[in-house]
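Listed here are the chains, written in short residue letters.
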Amino acid sequence: MKLESILKIINMKNINHGIDTFNKLVQDFGESMDTMTREMSADIEKSNRDSEARERKNKENLDKIWGTKN
């Protein structure tokens, strides 16, 4: 009797709704991770560009101070 009452509560409509909800959550999570990855990649690229610019400027300043090597 208990099994029969449980099966009445758990019907295919409830299971499908649960699966649909879970699927949506997984897709939303994937999109969030994709967005975060793109943002981090952009930050790393910007940091690398800034680092290269600082390195050039530092070399120029050292050349001004010490003169260029021949």
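Look up a bit, the structure's there.
Residues numbered from 1 in each chain as written. Predicted model: local features only at pLDDT ≥ 70, side-chain atom pairs only at ≥ 80, totals over all residues. Heavy atoms only, no water.

Q: Looking at this structure, how should I read the overall build of the protein?
A: For the protein, the helix and strand inventory stands at two helices and zero strands. Expected size for 70 residues packed as a compact globule is a radius of gyration near 11 Å; at 30 Å, the protein overshoots this value by more than 25%. In terms of overall dimensions, the protein has C-alpha extents of about 95 × 15 × 15 Å along its principal axes. In the protein, which comprises 70 residues, the proportion classed as buried is 0%. (Helix = DSSP H or I, 4+ residues; strand = E, 2+ residues; numbered from the N terminus. Rg over C-alpha atoms; globule rule 2.2 N^0.38 Å. Buried < 20%, exposed > 50% of the residue type's maximum accessible area, 1.4 Å probe, protein only.)

Q: Can you walk me through the pattern of salt bridges in this structure?
A: Any two side chains of opposite charge can pair, on the condition that their charged atoms come close. This structure, assessed with the given rule, holds four salt bridges. Notably, a salt bridge pairs aspartate 34 with arginine 38, separated by 2.7 Å at the nearest N-O pair. Highlighted residues: aspartate 34 and arginine 38, both in helix α2 (residues 12–66), separated by four residues, approximately one helical turn. When the shortest N-O distance is used, the salt bridge between lysine 46 and aspartate 50 registers 3.1 Å. Of this pair, lysine 46 and aspartate 50 both sit in helix α2, four residues apart, which is roughly one turn of that helix. The partly exposed category is assigned to aspartate 50, whose relative accessible area is 32%. (Salt bridge = Lys/Arg side-chain N within 4 Å of Asp/Glu carboxyl O.)

That's the geometry; what it means functionally is another story.
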